[in-house]
Amino acid sequence: MRGRRTGIAIARKTQMVEQGVVAEQIIDEAAVSDTLGAAQAPEAARLDELLAKARECQGLTRDEVAELAQVEAPDEVEAIFEAAREVKSRIYGERVVLFAPLYVSNECVGNCLYCGYRRDNRELERRTLSPDEIGAEVRWLIDHGYKRLLLVFGEYHCNDVHAMVRAVEAVYETRRGPGAIRRVNINAAPLSYEDFCVLKPAGIGTFQVFQETYHRATYQQAHPSGPKANYDWRLTVWDRCFPAGTDDMGLGVLFGLHDWRWELLALLDHAAYLDRTYGVGPHTISVPRLEPALNAPWANDPPAPVSDDEFKRIVALIRLAVPYTGMILSTRETADMRRECMRLGISQISAGSRTSPGGYTDHHPDEDERQFTIGDGRSLDEVMHDLCLMGYLPSFCTACYRAGRTGEDFMALAKPGKIHQMCLPNALLTFKEYLLDYASPATREAGERIIRGHLQDIRRASLKEQTEARLQRLEAGERDLYF
Ligand code: SF4
Ligand code: SF4
C-alpha cells in the first residue's frame with residue numbers, strides 16, 4: 001500500500017514540479033503577508049481562548065499564531081510563555097535530547113551573505129575530512145559520550161551524495177569499546193530524488209534542509225550565486241526526499257534575515273503542507289539565529305535582528321503551534337538563553353559543539369574557522385551537569401529510528417502523545433550509560449539523583465519494573481538497551 005501511494009506521490013510531484021506550481025502551493029507569500037497585515041493582538045477573552053486551545057496540545061492555525069505574535073503586553077507575553085511551558089512539560093516532560101554536529105567540509109560554492117563558509121571568504125582555510133579523519137573525530141566524540149551526530153556538509157562537488165554515504169558509513173563503522181554513534185542525521189544541500197534513493201540505504205535519521213528565509217526577495221538577496229540561489233529547488237526538497245523513503249524531515253529558519261513574524265507563519269505553512277501532503281509533519285524544527293561570522297556581512301549586521309525577548313516568543317509560539325514536533329537549539333545561543341528556551345519548548349540541544357571540520361581533534365581550533373560564533377562553549381559534561389541541577393533528564397535516545405518508528409509510524413504514536421511512554425524509560429537508560437561510562441564524578445552524583453527521581457514518573461508498574469531491571473543490567477555491564 002505504502003509503495004503504491006509513494007509511487008503516486010512521486011508521479012504527482014514530478015508533474016507538479018514540471019508545471020512549476022509546487023513552491024506556490026507550499027508558501028503563498030501574499031497569503032502570509034495578508035494574514036500578518038490583518039492580525040491584531042487578541043483581547044483578553046480571545047487570548048484566554050487561544051491559550052486554552054493550545055494547552056490541549058492540538059496545535060494552532062496560522063491565523064491564530066498571527067494573532068498571538070502581535071501580543072506585546074508583558075503580562076500577556078508571560079501568559080503565552082506559561083502555556084508553552086505547560087505544553088512542553090506535558091509532552092516532553094523534563095527530557096532533553098543531546099547531540100553534536102560534525103562538520104565534514106567547509107568547501108562551498110555558495111556565497112550566502114550570512115555564512116563564514118561563503119566562497120568569497122578568502123581568509124578561510126578550506127578542508128574536507130577524509131573517512132579516516134571522520135573516524136578520528138567520531139572516536140573523540142564517542143569517548144566523550146555522544147551517541148547522536150549531525151553531519152554537516154558545505155555545498156561543493158566533493159560533498160555529493162556518494163561522499164555523504166561514505167561519511168555515514170565511516171561514522172557507523174567507528175566503535176570504541178561499548179561506545180558507538182547510534183544515529184546519524186544530515187544537514188546538507190537539497191538532493192535530487194535519485195540521490196535521496198542512493199542515500200536511503202546508508203541508514204540516516206533526519207535529513208535537515210533549512211530554508212533560511214521563506215521570503216523570496218530576501219532569499220534572492222541573501223544567496224547571490226551558487227546552487228543555493230534556487231529558492232524553489234530548496235523549498236521543494238521534501239517532495240523528493242519523502243517519496244525516496246526518508247520520512248524524517250528537519251525544517252529550519254535562520255532568524256534575523258527577514259521579519260520574524262512573517263518567517264514564523266511561513267514556517268508553519270511549510271509544516272502544514274507536509275502534514276496534509278504526506279500525513280507527516282516535520283520531525284524537527286531548528287531555530288538558529290544569526291551570529292557573527294568572518295567575512296559574512298549579514299551575519300555581522302543582520303537585516304532583521306531578533307532580540308532575545310522576540311526569540312523566546314518564537315520558541316514559545318512554535319511549541320504551541322506544533323506541539324509534537326521536536327525543536328532544536330544549537331550552541332549559537334548563550335547558556336542562559338538555552339536554559340530559558342528549554343523551558344519554553346526546545347526538546348533537543350547540541351552541546352560541546354565545534355563548528356569547523358576537524359574541530360574536535362584539532363586541539364587549538366582557530367576561532368575564525370568556525371561557521372559562526374558560538375554562544376555556549378561548555379563541554380558536554382558541563383552541560384549535562386547543569387541540566388541535572390535544573391532537574392532535566394538528559395537523553396541520548398535513538399530508539400525510534402532503530403526500531404523503525406519513523407515518519408507516519410512515528411507520528412501515529414507522537415500525535416496522540418503515546419510516544420511519551422517510551423521516551424522516558426529510554427532517556428533513563430541512555431543517561432545511565434553516560435553516567436557509567438563517561439560522566440565526571442560531579443555529574444554522576446547529580447545524575448543518579450535525577451534517575452531515581454524520574455524513575456518514579458513512569459506510571460505503568462510493569463514498565464517501571466522493566467526499566468529498573470534494565471538499569472541493573474546496564475550496571476552489570478550490558479549496553480544499548482532500549483524499548
Ligand atoms: Fe555554503 Fe551553506 Fe554556508 Fe551557504 S550556508 S555559504 S551553502 S555552507
Ligand atoms: Fe525520540 Fe523515540 Fe527516543 Fe522518544 S523514544 S526520545 S521519540 S527516539
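Is there a simple way to think about the overall build of the chain in this case?
Broken down by element type, the chain carries 22 helices and 11 strands. Its C-alpha radius of gyration of 22 Å places the chain within 12% of the 23 Å reference for a compact globule of 483 residues. Overall, the chain is about 60 × 55 × 50 Å in size when its C-alpha atoms are taken along their principal axes. Residues counted as buried form 60% of the 483 residues belonging to the chain.

Explain the site of ligand 1 here, please?
Close to ligand 1 lie 10 residues, the nearest being Cys108, Cys112, Cys115, Arg118 and Lys228. Its residues assigned to classes, the shell around ligand 1 shows five nonpolar, two polar and three charged.

For this particular structure, what's the right way to read the site of ligand 2?
In the vicinity of ligand 2, the contacting residues are Cys397, Ala399, Cys400, Phe410, Ile419, Cys423 and Asn426. Mapping ligand 2 onto the cavity grids shows that it belongs to the second largest cavity. Of all the secondary structure elements, the ones that give two or more residues to the shell around ligand 2 are α18 (399-402) and α20 (420-437).

So what exactly am I meant to see when it comes to the domain arrangement of the chain here?
Accessible area lost when the parts come together is the quantity often used to give the size of an interface. Domains assigned within the chain are domain 1 (95-411) and domain 2 (420-475). Listed by partner, the interface residues are 23 residues for domain 1 and 21 residues for domain 2. Roughly 1800 Å² is buried in total at the junction of domain 1 and domain 2, and carbon and sulfur atoms are behind 63% of that figure. Of all residues in domain 1, Arg95, Asp381 and Leu393 give up the largest surface area on contact with domain 2, accounting jointly for 32% of the area buried on that side. The interface formed by domain 1 and domain 2 includes one salt bridge.

Would you mind going over helix α5 (residues 62-69) with me for this structure?
Every α-helix winds through 3.6 residues per turn, so residues three or four apart in the chain are directed the same way. With six of eight residues buried, α5 is to be regarded as a mostly interior element. All of the buried residues in α5 are Glu64, Val65, Ala66, Glu67, Leu68 and Ala69. Contact partners of the buried residues in α5: α3 (29-38), α4 (44-55), α6 (74-92), α13 (260-278) and α15 (308-321).

Is there a simple way to explain the layout of surface pockets in this structure?
It is a probe the size of a water molecule, rolled over the atoms, that shows where empty space is left. The calculated volume of the largest pocket comes to roughly 410 Å³. Considering each element in turn, the lining of the largest pocket owes the most residues, five residues, to α13. Class assignment for the residues of the lining of the largest pocket results in 11 nonpolar, five polar and five charged. Approximately 330 Å³ is the volume found for the second largest pocket. Around the second largest pocket, the lining is made up of 14 residues, and of these His420, Leu424, Asp457, Ile458 and Arg459 lie nearest the centre.

Looking at this structure, how should I read the nonpolar core?
Within soluble globular proteins, side chains that are nonpolar generally end up buried alongside one another. Counting residues in each nonpolar core, the largest one holds 140 residues, and the members touching the most others are Leu151, Ile186, Leu199, Phe207, Tyr214 and Val287. Of the domains in this structure, domain 1 (95-411) and domain 2 (420-475) are the two that each give at least three residues to this core. Not counting chain neighbours up to four residues away, the residues in contact with Phe207 comprise Met164, Ile186, Ala188, Ala189, Leu191, Phe196, Leu199, Trp238, Thr246, Asp248, Met249 and Gly250. Leu113, Leu124, Ala222 and Trp298 belong to the second largest nonpolar core, which has 21 residues in total.

Got a minute to help me understand the pairing of strand β2 (residues 148-152) in this structure?
In the case of a regular strand, side chains alternate between the two sheet surfaces. Within β2, five of the five residues are buried, which leaves the element mostly enclosed by the surrounding structure. Burial along β2 is two-sided: Arg148, Leu150 and Val152 and Leu149 and Leu151, pointing in opposite directions, are all buried. In this sheet, β2 lies alongside strand β1 (residues 95-103) in parallel orientation, the contact comprising four bridges. What sits directly across from Ala100, in β2, is Leu149. At this point the chain moves from β1, through helix α7 (residues 131-143), to the parallel β2, and the crossover so formed is right-handed.

What is the right way to read the side chain of Lys88 from this model?
Assignment of secondary structure puts Lys88 in helix α6. The charged side chain of Lys88 is buried without a salt bridge, its nearest counter-charge being Glu94 at 6.6 Å. Those residues within four positions of Lys88 in sequence are excluded, and the remaining contacts are Gly93, Arg95, Arg319, Met342, Arg343, Leu344, Gly345, Ile346, Ser347 and Tyr392.

Calculation notes
- Residues numbered from 1 in each chain as written.
- Chains lettered and ligands numbered in written order.
- Predicted model: local features only at pLDDT ≥ 70, side-chain atom pairs only at ≥ 80, totals over all residues.
- Heavy atoms only, no water.
- Helix = DSSP H or I, 4+ residues; strand = E, 2+ residues; numbered from the N terminus.
- Rg over C-alpha atoms; globule rule 2.2 N^0.38 Å.
- Buried < 20%, exposed > 50% of the residue type's maximum accessible area, 1.4 Å probe, protein only.
- Near = heavy atom within 4 Å.
- Nonpolar A, V, L, I, M, F, W, Y, C, P; charged D, E, K, R; others polar.
- 1 Å grid on protein atoms, 1.4 Å probe; cavity = no way out; pocket = protein on both sides within 12 Å on 5 of 7 lines; lining within 4 Å.
- Sits in = over half its atoms within 2 Å of the grid points.
- Domains from an automatic or database assignment.
- Contact = heavy atoms within 4.5 Å.
- Buried area = accessible area lost by both parts, 1.4 Å probe.
- Salt bridge = Lys/Arg side-chain N within 4 Å of Asp/Glu carboxyl O.
- Points joined across faces, edges and corners; volume = space filled by probe spheres on them.
- Core = buried A, V, L, I, M, F, W, Y, C linked by side-chain atoms within 4.5 Å.
- Pairing = 2+ DSSP bridges.
- Right-handed = clockwise from strand over helix to strand, strands pointing away.
- Lys, Arg positive; Asp, Glu negative; His and termini not counted.

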